[in-house]
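# Architecture at a glance
The lines below spell out each chain.
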Amino acid sequence: MSAVADAERSVERVRLALESDGADMRAVRAAADGTARLIRLLATITDRLAERAATTVDDSRVADDLIADLKALRNCLATGAALVEPTLDDLRDWTDSFDVDKEFAACWQEWAAVSGATSER
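In this section: the overall build of the protein. Counting secondary structure elements, the protein contains four helices and zero strands. In the protein, which comprises 121 residues, the proportion classed as buried is 22%. Considering only contacts in the protein between residues 6 or more positions apart, those separated by 24 or more positions represent 66%. Surface accessibility of the protein: about 8,600 Å² in total, with carbon and sulfur atoms responsible for 58%.

In structure tokens form, the structure reads like this:
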């Protein structure tokens, strides 16, 4: 099942990012992004499992219980995905403020504007 393999790879990437010696705020942000993607992926997989259970489990009483459990799990995962978003926003704001390329681009525009005004004299 490809989705399960994707989830396993995502877990491993997040674990490695957090355990590396060079982990910094960007690594934490990447791990948080990976965790959010993983939660959404798990919610999607759980939803598909519920759909499959409806058509593959012969005993309707067992199928109904299984589907209810899977939908409850999916709802918990979806809630988790929604709850992690403010953390991701905070990490984006914090790490973006230290984005050297963005800072350089802003300074370059400032310098270019000043140089253009100076050279016109």
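Bringing the environment of Thr35 into the picture now. Summarising the element assignment, Thr35 is placed in helix H2 (residues 25-56). Sequence separation between Thr35 and Arg13 is 22 residues; the distance between their C-alpha atoms is 9.5 Å.

Another point: the pattern of salt bridges. Under the counting rule described, the total for this entry stands at two salt bridges. Here Arg40 ties to Glu85 by a salt bridge, and the two come within 3.4 Å at their closest N and O atoms. Taken together, the residues Arg40 in helix H2 and Glu85 in helix H3 (residues 60-96) connect sequence positions 45 residues apart. With a relative accessible area of 28%, Glu85 lands in the partly exposed category. One salt bridge connects Asp47 with Arg74, and the closest N-O pair in it is separated by 2.4 Å.

As a further point, take the side chain of Thr46. Looking at where Thr46 falls in the secondary structure, it is placed in helix H2. Once residues lying within four places of it in the same chain are set aside, the contact partners of Thr46 are Leu70, Leu73, Arg74 and Leu77.

Taken together, Asp58, Asp59, Asp64, Asp65 and Asp69 make up a surface patch of like negative charges. One can find Asp64 in helix H3.

To continue, consider the nonpolar core. Judged by nonpolar contacts, Ala32, Ala36, Val84, Leu88 and Leu91 together constitute the single largest core of five residues. Contributions of two or more residues to this core are made by H2 and H3. Not counting residues within four places of it along the chain, the set of residues in contact with Ala32 comprises Leu88 and Leu91.

Before going further, it helps to spend a moment on the environment of Ala36. Residue placement: Ala36 occurs in helix H2. For Ala36 and Ala82, which are 46 residues apart along the polypeptide, the C-alpha to C-alpha distance reads 8.8 Å. Apart from the residues within four sequence positions on either side, Ala36 is in contact with Val84 and Leu88.

Another point: the side chain of Asp33. Considering the arrangement of structural elements, one finds Asp33 in helix H2. On the accessibility criterion, Asp33 (18% relative accessible area) is buried.

What counts, and at which threshold
Residues numbered from 1 in each chain as written. Predicted model: local features only at pLDDT ≥ 70, side-chain atom pairs only at ≥ 80, totals over all residues. Heavy atoms only, no water. Helix = DSSP H or I, 4+ residues; strand = E, 2+ residues; numbered from the N terminus. Buried < 20%, exposed > 50% of the residue type's maximum accessible area, 1.4 Å probe, protein only. Contact = heavy atoms within 4.5 Å. Areas by Shrake-Rupley, 256 points an atom, 1.4 Å probe, with all protein chains shown as cover. Salt bridge = Lys/Arg side-chain N within 4 Å of Asp/Glu carboxyl O. Patch = residues over 30% accessible without salt bridge, like charges linked within 9 Å, V, L, I, M, F, W, Y side chains within 5 Å. Lys, Arg positive; Asp, Glu negative; His and termini not counted. Charge placed at Lys NZ, Arg CZ, Asp CG, Glu CD. Core = buried A, V, L, I, M, F, W, Y, C linked by side-chain atoms within 4.5 Å.

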